[in-house]
Amino acid sequence: MKADPKGVLTGAHFLDGDHACSEGALSAGCRFAAGYPITPSTEIVERIASRFPQVGGMFIQMEDEIASSIAIQGAVWGGAKAMTVTSGPGFSLMMEHIGFAAMLETPCVFVDVQRAGPSTGQPTLPGQADMMQARWGSHGDYEIIALCPNSPQECYDLTIRAFNLAEEYRVPVMIMMDECVGHMTEKVVIPSPEEIEITERRYTTAKLGEYRPYFTDGEMVPPIAKAGDGHRFHVTGLTHDERGYPVMSPEVQEKCVRRLVDKIRLNAERIISLEESETEGADVIVVSYGITSRVSVKAIEMARADGIKVGHLRLITAWPFPEKRIRELVGRTGAFIMPELNYGQMFFEMQRVIDGKAKSYLLPHGGGTVHKPEVIYRTIKEAALECRPQVEESAW
Amino acid sequence: MVNNNPVSDLLRTDRMPHIWCSGCGLGTTVNCFVRAAAGCGLPPDQITVVSGIGCTGRVAGYLKLDSFHTTHGRPIPFATGLKLANPRLKVVVYSGDGDLFAIGGNHFIHAARRNMDMTVICVNNFTYGMTGGQVTPTTPTGAIASTAPYGNTEDPFNLPYLADSAGAVYVARWTTFHVRQATKAMKEAIQKKGFSFVELVSPCPTLYGRRNRMGDGLDMMEGYKENSTIRNGADTRDVGMDISGKIVCGKFVDRERPSFLEQYNTRLAARLGPSYKNYEGVL
């Protein structure tokens, strides 16, 4: 399906990442948003508050992030494509409803413009320390999808992709921006509506009285219904059977939760997207995401100028984590470096996958600003020397 | 199985028997509710019920309507999103005193302030039944609860006064003894445009009645009969409940105020001019 032209502001624009995300939501067909003001994400809902009434959408500023994160889910079950937008402290408050969305399989989008934490931290300055919270923040076992844009253009593009993935897998999808990407202004090209692919919600075709909300018919993702269509269905956050009815047995728990996990894990390769540069034959690979990837590019250029064979692997999808690709590279590459604006989050996931078969270097940073390229550059050199000790440093 | 019940079309009979204790008033409230729903003039497909967590939270699962069992304290914001996505739905929030007024209290006052078009039914049994009888924001001062073993040392909310002050356009209170009045109140509340609120005082003999020596479910119903007075139109400031067990019942508030969507569309039409199309849902 193509995008509804009403929401698509076709043309070349000069936008910051926050506003580009708003436009991405509009292009994706999002017509309901709920939010609570929080720096550095507020610009997203401000633009939505202004734009939605002109395209038949509804924005409501709720009393807190808890309310926002479940109001969007009510809207989805009423037939809307919906999202909420926040930053760290608000994201913490939303955790319960990420689990609720995972359990009911409610397709929806959460945007987290990350700032430096913990707690109130540095509201106007960048961080990347919510990455594990995005993956594990709600209680219980479930899987989510998380995307990491590194430019305003990608804030636009990935917001559309987030809505499409949410529909395809019936999961909450998180857009893990950061303050730098959110507030950086660049050229954003919005294509024409017929160039934008939209994944439609897959509604049940069951006859009235025969719809079972979690009957998958052998597939991984069941079709959905919306309130008012006559199916008179019931859904619950309790462990449930195919009818959506609560069942307190270990067998139903296994069946219910296993599918929530498997529908993402078994489709990981279809979901994951990466950007790679000279990773084949590299001695050292820098793995990065979000704003840190742009600092890494500078450091990599410096190292390449020295003759070091350094590759760059950018995580566009943070979750699910690209295990398969990293395992492939581990056999050929001596060292992996990850700079991130935290004291080690995605790094430890990477280290788990590397499993001691290559060296791994964490470049931690408390946030508040970005890494200096020189710091990454020095680590690249150090790692290259460790991997290829036969090459004299002077040869560089 | 429930056979030949005139409202069985609105009940998930395949889920019976329910989990509620004998003597609990919840079944009575559901009986009243389905009769109100059947008699309100709306097709059942258009009525959606949203519950939170707790004994009352289980109501949604026993109703053969589109029904959502949400998270603790959050049925009102879920209902807000649902209503705004599809304003043709009649959205009813059905939950307990702990869910709606402790963890969910903030959402209640804001939905009332907005005059969000929904009906909130609170089954008030003065306790958290599902977790074993803890003190709630409606437990009378001095009453015993598992987490107030020496008696509740806090003052309770007066729910009709809270709803009234926050802006609800319809406020009523009945007990499970007053089945006809409760049914009528729920029907009126469903038919009312805007934020309507019905408090149903209901016995929890297992956890509240037992600790407070109120006897079994039938004894508690006798108590409602003896201790309640009907004062329609009473000033909500005067209807608070205390340990004496005296209950003022009636319809306290029934007034007009533009609903959230009416106010929204009026404002936007005035500001955006003829280009603005009234918002009537996302579809």
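Residues numbered from 1 in each chain as written. Chains lettered and ligands numbered in written order. Predicted model: local features only at pLDDT ≥ 70, side-chain atom pairs only at ≥ 80, totals over all residues. Heavy atoms only, no water.

With that settled, the discussion passes to the pattern of salt bridges. Enumeration according to the criterion identifies 46 salt bridges over all chains in this entry. Its salt-bridge partner being Lys 2 of chain A, residue Glu 197 of chain A comes within 2.1 Å of it at the nearest N-O pair. In this pair, Glu 197 of chain A sits in the loop between strand 9 (185-190) and strand 10 (234-236) while Lys 2 of chain A sits in the segment before strand 1 (11-16), placing the two residues 195 residues apart along the sequence. Judged by its relative accessible area of 45%, Glu 197 of chain A falls in the partly exposed class. Its salt-bridge partner being Arg 255 of chain B, residue Asp 164 of chain B comes within 3.0 Å of it at the nearest N-O pair. Of the two residues, Asp 164 of chain B is situated in helix 6 (residues 159-166) and Arg 255 of chain B in the loop between strand 10 (247-254) and helix 10 (260-272); the sequence distance between them amounts to 91 residues. (Salt bridge = Lys/Arg side-chain N within 4 Å of Asp/Glu carboxyl O. Helix = DSSP H or I, 4+ residues; strand = E, 2+ residues; numbered from the N terminus. Buried < 20%, exposed > 50% of the residue type's maximum accessible area, 1.4 Å probe, protein only.)

On to the pairing of strand 15 (residues 335-339) of chain A, then. Residues and elements named next belong to chain A. Counted residue by residue, strand 15 has five buried out of five residues, so it is predominantly covered. Burial of strand 15 is two-sided: the residues Ala 335, Ile 337 and Pro 339 facing one way and the residues Phe 336 and Met 338 facing the other way are all buried. Across five bridges, strand 15 lies against strand 16 (residues 359-363) in parallel orientation. Looking at strand 16, one finds that Pro 339 is bridged to Leu 363. Taking the sense of rotation as the criterion, the β-α-β connection linking strand 15, helix 12 (residues 346-354) and strand 16 turns out right-handed. (Pairing = 2+ DSSP bridges. Right-handed = clockwise from strand over helix to strand, strands pointing away.)

It is worth spelling out empty space enclosed by the protein at this point. Residues and elements named next belong to chain B. Here the structure, examined in full by the defined rule, presents three cavities of 30 Å³ or more. Considered as a void within the structure, the largest cavity measures approximately 40 Å³ in volume. Residue lining of the largest cavity: Asn 124, Thr 138, Pro 156, Phe 157, Asn 158, Leu 159, Arg 173 and Met 241, and that is the complete set. Each residue belonging to the lining of the largest cavity can be placed in one class, and the counts come to four nonpolar, three polar and one charged. (1 Å grid on protein atoms, 1.4 Å probe; cavity = no way out; pocket = protein on both sides within 12 Å on 5 of 7 lines; lining within 4 Å. Points joined across faces, edges and corners; volume = space filled by probe spheres on them. Nonpolar A, V, L, I, M, F, W, Y, C, P; charged D, E, K, R; others polar.)

One broad trend across soluble globular proteins is that nonpolar side chains are buried collectively. If you look at the biggest cluster of nonpolar residues, it comprises 102 residues, and the most contacted ones within it are Phe 32 and Trp 77 of chain A together with Phe 197 of chain B. Of the residues forming this core, the biggest block, nine residues, is contributed by helix 4 (residues 88-104) of chain A. Filtering out sequence-adjacent residues up to four positions away, Phe 32 of chain A remains in contact with Phe 52, Met 58, Ile 60, Ala 71, Ile 72, Ala 75, Ala 80, Lys 81, Ala 82 and Met 83 of chain A together with Gly 81 and Leu 84 of chain B. Ranked by size, the runner-up nonpolar core spans 48 residues in total, among them Phe 52, Val 109, Val 171 and Ile 316 of chain A. (Core = buried A, V, L, I, M, F, W, Y, C linked by side-chain atoms within 4.5 Å. Contact = heavy atoms within 4.5 Å.)

So, on to the confidence of the model for chain A. With 98% of its residues at a pLDDT of 70 or more, chain A has an overall mean of 97. Across chain A, strand 7 (residues 145-147) of chain A holds the top mean pLDDT of 99, while helix 13 (residues 373-387) of chain A sits lowest at 96. (pLDDT = per-residue confidence, 0-100.)

Time to look at the sheet that holds strand 10 of chain B. Strand order across the open sheet formed by nine strands is 10(A)-2(B)-1(B)-3(B)-4(B)-8(B)-7(B)-10(B)-9(B), with mixed pairing between neighbours. Edge strands, defined here as strands with exactly one partner in the open sheet, are strand 10 of chain A together with strand 9 (228-230) of chain B. Direction aside, neighbouring strands of the sheet carry axes that sit 20° apart on average. The strands that helix 7 (residues 179-191) of chain B touches are strand 3 (90-96), strand 4 (118-124), strand 7 (170-175), strand 8 (195-201), strand 9 and strand 10 of chain B; relative to strand 7 of chain B, the one it contacts most, it runs at about 160°. (Axes fitted to C-alpha atoms, helices over the stretch in contact; angles between N-to-C directions.)

Glancing now at unusual backbone geometry. Note that the residue after Thr 39 of chain A, namely Pro 40 of chain A, is joined by a cis bond; omega there is 5°. Note that Pro 40 of chain A resides in the loop between strand 2 (32-35) and helix 2 (42-51). With an omega dihedral of 5°, the bond running from Met 16 of chain B to Pro 17 of chain B counts as a cis peptide bond. When you line up the elements, Pro 17 of chain B lands in the segment before helix 1 (26-39). Unlike most non-glycine residues, Glu 105 of chain A shows phi in positive territory, near 60°. Along the chain, Glu 105 of chain A falls in the loop between helix 4 and strand 5 (108-116).

Turning to the domain arrangement of chain A, a few remarks are in order. All names here are of chain A. Domains assigned within chain A are domain 1 (5-195) and domain 2 (273-395). The C-alpha-based centres of domain 1 and domain 2 are spaced at 28 Å. Listed by partner, the interface residues are 28 residues for domain 1 and 25 residues for domain 2. Surface buried jointly by domain 1 and domain 2 totals about 2,000 Å² across both partners, of which 54% is contributed by carbon and sulfur atoms. (Domains from an automatic or database assignment. Buried area = accessible area lost by both parts, 1.4 Å probe.)

Now for the packing of aromatic side chains. Scanning the model with the defined rule gives 17 aromatic pairs over all chains in all. Relative to Phe 78 of chain B, the ring of Phe 100 of chain A has its centre 6.4 Å away and its plane inclined at 80°; by these criteria the two rings are edge-to-face. Within this pair, whereas Phe 100 of chain A is found in helix 4, its partner Phe 78 of chain B is found in helix 3 (residues 75-85), the two belonging to separate chains. Assigned by exposure class, Phe 100 of chain A and Phe 78 of chain B land together as buried. By way of ring pairs, the aromatic residues Trp 77, Phe 100, Tyr 211 and Phe 233 of chain A together with Phe 68 and Phe 78 of chain B are connected into one cluster. Directly above the ring of Tyr 245 of chain A sits Arg 15 of chain B, whose terminal nitrogen or CZ lies 5.4 Å from the centroid. (Phe/Tyr/Trp six-rings, centres within 6.5 Å; stacked < 30°, edge-to-face > 60°. Lys NZ or Arg CZ within 6 Å of the ring centre and 35° of its normal.)

Quick look at the layout of surface pockets now. Any empty space left between the atoms is revealed when a probe the size of a water molecule rolls over them. The computed volume of the largest pocket comes to approximately 750 Å³. If you go around the largest pocket, you meet 31 residues; those closest to its centre are Asp 4, Lys 6 and Arg 31 of chain A together with Val 282 and Leu 283 of chain B. Per-class residue counts for the lining of the largest pocket are 13 nonpolar, nine polar and nine charged. The computed volume of the second largest pocket comes to approximately 500 Å³. Lining the second largest pocket are 24 residues; nearest its centre among them are Gly 99, Met 103, His 139, Gly 237 and Leu 238 of chain A. Elements represented by at least two residues in the lining of the second largest pocket include exactly helix 4 and helix 8 (250-265) of chain A. No other element matches the five residues that helix 4 of chain A contributes to the lining of the second largest pocket.

The next subject is helix 3 of chain B. Burial analysis of helix 3 of chain B places eleven of its eleven residues in the buried class, which makes it a mostly covered element. Within helix 3 of chain B, burial applies to Pro 75, Ile 76, Pro 77, Phe 78, Ala 79, Thr 80, Gly 81, Leu 82, Lys 83, Leu 84 and Ala 85 of chain B.

Next up on the list: the packing of helix 10 (residues 291-305) of chain A against helix 13 of chain A. Residue and element names in this part refer to chain A. Across the interface, helix 10 lies against helix 13 with an axial gap of 8 Å and an inter-helix angle of 50°. As the angle between them shows, helix 10 and helix 13 are arranged oblique. Crossing of helix 10 over helix 13 shows right-handed handedness. Where helix 10 approaches helix 13, its residues Val 295, Ser 296, Lys 298, Ala 299, Ile 300, Met 302 and Ala 303 are matched on the opposing element by Pro 373, Glu 374, Ile 376, Tyr 377 and Ile 380. (Parallel < 35°, antiparallel > 145°, perpendicular 65-115°, else oblique. Left-handed = near helix turned anticlockwise from the far one by under 90°.)

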